[in-house]
Amino acid sequence: MPSENIEEYYRRSFFIPWVDPFHNSLSDRFLKHKNLLTSFKCLLPTGHNPTDEQISSFKNLFDFYEKDMQQISFFVAKAKFELWYEKFKNCDYTLPLNAIDGLNLCDVKIFESVFIHLKIFATLPVSTY
(Lines give C-alpha, C1' and ligand atoms only; values in the text may rest on other atoms or scores of the structure.)
Protein backbone atom coordinates (compact mmCIF):
# COMPACT_ATOMS: atom_id res chain seq x y z
CA MET A 1 0.00 0.00 0.00
CA PRO A 2 1.58 3.25 -1.04
CA SER A 3 1.39 5.86 1.70
CA GLU A 4 3.20 8.90 2.95
CA ASN A 5 3.60 7.86 6.59
CA ILE A 6 3.31 4.84 8.88
CA GLU A 7 -0.08 5.80 10.29
CA GLU A 8 -1.62 6.05 6.84
CA TYR A 9 -0.03 2.74 5.86
CA TYR A 10 -1.57 0.90 8.84
CA ARG A 11 -4.91 2.59 8.30
CA ARG A 12 -5.06 1.43 4.66
CA SER A 13 -3.51 -1.98 5.23
CA PHE A 14 -5.15 -3.14 8.45
CA PHE A 15 -7.75 -0.86 9.95
CA ILE A 16 -10.00 -0.15 6.95
CA PRO A 17 -10.02 -3.79 5.76
CA TRP A 18 -11.01 -4.83 9.29
CA VAL A 19 -13.65 -2.14 9.89
CA ASP A 20 -15.48 -2.56 6.59
CA PRO A 21 -16.60 -6.20 7.10
CA PHE A 22 -17.32 -5.45 10.76
CA HIS A 23 -19.63 -2.60 9.75
CA ASN A 24 -21.35 -4.80 7.16
CA SER A 25 -21.93 -7.59 9.66
CA LEU A 26 -23.51 -5.15 12.15
CA SER A 27 -25.77 -3.77 9.43
CA ASP A 28 -26.80 -7.27 8.39
CA ARG A 29 -27.47 -8.31 11.95
CA PHE A 30 -29.69 -5.40 12.94
CA LEU A 31 -31.21 -4.04 9.76
CA LYS A 32 -31.94 -7.43 8.24
CA HIS A 33 -34.30 -8.31 11.09
CA LYS A 34 -36.00 -4.93 11.22
CA ASN A 35 -38.97 -6.10 9.11
CA LEU A 36 -39.38 -9.21 11.19
CA LEU A 37 -39.34 -7.24 14.43
CA THR A 38 -41.89 -4.72 13.16
CA SER A 39 -44.11 -7.65 12.16
CA PHE A 40 -44.75 -8.37 15.84
CA LYS A 41 -47.01 -5.29 15.99
CA CYS A 42 -49.65 -7.29 14.13
CA LEU A 43 -50.20 -9.38 17.27
CA LEU A 44 -51.73 -6.40 19.06
CA PRO A 45 -55.34 -6.11 17.80
CA THR A 46 -56.77 -2.76 16.77
CA GLY A 47 -60.47 -3.46 17.43
CA HIS A 48 -61.16 -4.01 13.72
CA ASN A 49 -60.65 -6.88 11.30
CA PRO A 50 -56.97 -7.49 10.46
CA THR A 51 -55.78 -5.71 7.34
CA ASP A 52 -53.97 -7.47 4.51
CA GLU A 53 -50.76 -5.90 5.78
CA GLN A 54 -51.30 -7.34 9.27
CA ILE A 55 -52.06 -10.78 7.83
CA SER A 56 -48.89 -10.52 5.72
CA SER A 57 -46.91 -9.58 8.84
CA PHE A 58 -48.36 -12.59 10.65
CA LYS A 59 -47.35 -14.80 7.70
CA ASN A 60 -43.77 -13.44 7.96
CA LEU A 61 -43.71 -14.28 11.67
CA PHE A 62 -45.20 -17.71 11.07
CA ASP A 63 -42.67 -18.53 8.36
CA PHE A 64 -39.71 -17.38 10.47
CA TYR A 65 -40.82 -19.19 13.64
CA GLU A 66 -42.33 -22.21 11.88
CA LYS A 67 -40.25 -24.66 13.94
CA ASP A 68 -41.80 -23.26 17.12
CA MET A 69 -45.37 -23.74 15.92
CA GLN A 70 -45.65 -27.39 17.03
CA GLN A 71 -46.88 -28.62 13.62
CA ILE A 72 -49.68 -26.08 13.27
CA SER A 73 -50.51 -25.34 9.64
CA PHE A 74 -50.56 -21.73 8.47
CA PHE A 75 -54.24 -21.95 7.53
CA VAL A 76 -55.19 -22.93 11.08
CA ALA A 77 -52.87 -20.28 12.53
CA LYS A 78 -54.34 -17.62 10.23
CA ALA A 79 -57.88 -18.55 11.27
CA LYS A 80 -56.88 -18.29 14.94
CA PHE A 81 -55.20 -14.94 14.23
CA GLU A 82 -58.40 -13.61 12.66
CA LEU A 83 -60.42 -15.00 15.58
CA TRP A 84 -57.99 -13.21 17.94
CA TYR A 85 -58.88 -9.92 16.23
CA GLU A 86 -62.58 -10.80 16.33
CA LYS A 87 -62.37 -11.16 20.10
CA PHE A 88 -61.47 -7.47 20.45
CA LYS A 89 -64.19 -6.13 18.18
CA ASN A 90 -66.51 -6.61 21.14
CA CYS A 91 -66.33 -3.82 23.75
CA ASP A 92 -65.96 -6.29 26.64
CA TYR A 93 -62.17 -6.40 26.32
CA THR A 94 -59.63 -3.62 26.46
CA LEU A 95 -57.10 -3.69 23.63
CA PRO A 96 -53.68 -5.04 24.63
CA LEU A 97 -51.02 -2.32 24.50
CA ASN A 98 -48.00 -4.62 24.66
CA ALA A 99 -47.02 -8.29 24.48
CA ILE A 100 -47.55 -8.89 28.20
CA ASP A 101 -51.09 -7.51 28.05
CA GLY A 102 -51.70 -9.71 25.01
CA LEU A 103 -50.41 -12.79 26.82
CA ASN A 104 -52.69 -12.09 29.78
CA LEU A 105 -55.72 -11.90 27.48
CA CYS A 106 -54.77 -14.78 25.18
CA ASP A 107 -56.14 -18.24 25.93
CA VAL A 108 -53.44 -20.73 24.95
CA LYS A 109 -55.97 -23.45 24.16
CA ILE A 110 -57.97 -21.32 21.73
CA PHE A 111 -55.25 -19.08 20.23
CA GLU A 112 -52.26 -21.41 20.43
CA SER A 113 -50.23 -19.95 17.54
CA VAL A 114 -50.96 -16.36 18.61
CA PHE A 115 -49.94 -17.24 22.17
CA ILE A 116 -46.63 -18.72 20.99
CA HIS A 117 -45.85 -15.61 18.93
CA LEU A 118 -46.81 -13.32 21.82
CA LYS A 119 -44.53 -15.31 24.12
CA ILE A 120 -41.66 -14.87 21.67
CA PHE A 121 -42.48 -11.17 21.36
CA ALA A 122 -42.52 -10.74 25.15
CA THR A 123 -39.17 -12.46 25.60
CA LEU A 124 -37.22 -10.73 22.84
CA PRO A 125 -34.22 -8.95 24.27
CA VAL A 126 -34.71 -5.21 24.42
CA SER A 127 -31.42 -4.64 22.62
CA THR A 128 -32.66 -6.30 19.41
CA TYR A 129 -35.76 -4.14 19.03
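These notes cover the structure that comes with them. Remember, predicted model here, so these are calculated numbers, not experimental data. (Residues numbered from 1 in each chain as written. Predicted model: local features only at pLDDT ≥ 70, side-chain atom pairs only at ≥ 80, totals over all residues. Heavy atoms only, no water.)

## Let's talk about a nonpolar patch on the surface
Thinking step 1. A cluster of nonpolar residues, F15, I16, W18, F22, L26 and F30, forms a patch on the protein surface that exposes about 620 Å² of accessible area.
Thinking step 2. Following the sequence through the fold, L26 ends up in helix α1 (residues 6–31).
Thinking step 3. On the accessibility criterion, L26 (34% relative accessible area) is partly exposed. (Patch = residues over 30% accessible without salt bridge, like charges linked within 9 Å, V, L, I, M, F, W, Y side chains within 5 Å. Areas by Shrake-Rupley, 256 points an atom, 1.4 Å probe, with all protein chains shown as cover. Salt bridge = Lys/Arg side-chain N within 4 Å of Asp/Glu carboxyl O. Helix = DSSP H or I, 4+ residues; strand = E, 2+ residues; numbered from the N terminus. Buried < 20%, exposed > 50% of the residue type's maximum accessible area, 1.4 Å probe, protein only.)

## Description of the nonpolar core
Thinking step 1. One finds F40, L43, F81 and W84 to be the most contacted residues of the largest nonpolar core, which totals 29 residues.
Thinking step 2. For this core, the secondary-structure elements that each account for two or more residues are α2 (34–39), α3 (52–64), α4 (74–87), α5 (99–105) and α6 (112–123).
Thinking step 3. A per-element tally of this core places α6 first, with six residues.
Thinking step 4. Those residues in contact with F40 that sit more than four places away from it in its chain are L61, Y65, H117, I120, F121 and L124. (Core = buried A, V, L, I, M, F, W, Y, C linked by side-chain atoms within 4.5 Å. Contact = heavy atoms within 4.5 Å.)

## Remarks on the environment of S56
Thinking step 1. The residue S56 is located in helix α3 in this model.
Thinking step 2. In this structure the C-alpha to C-alpha distance between S56 and S39, which are 17 residues apart in sequence, comes to 8.5 Å.

## Section: the packing of aromatic side chains
The description of an aromatic ring pair uses the distance of the two centres, along with the angle that the planes make with each other.
Thinking step 1. The full count for this structure, using the stated rule, is 13 aromatic pairs.
Thinking step 2. Their ring planes at 25° and their centres at 5.4 Å tell us that Y10 and F14 sit as a pair that is stacked. Within this pair, Y10 and its partner F14 are both found in helix α1, separated by four residues, close to a single helical turn.
Thinking step 3. The exposure class of Y10 is partly exposed, given its relative accessible area of 45%.
Thinking step 4. The class of F14 is exposed, set by a relative accessible area of 52%.
Thinking step 5. Centre to centre, the rings of F58 and F81 are 4.4 Å apart; their planes meet at 10°, and the pair counts as stacked. Placement of F58 in helix α3 and of F81 in helix α4 is noted, with a sequence separation of 23 residues between them.
Thinking step 6. Residue classification places F58 among the buried positions, given a relative accessible area of 0%. (Phe/Tyr/Trp six-rings, centres within 6.5 Å; stacked < 30°, edge-to-face > 60°.)

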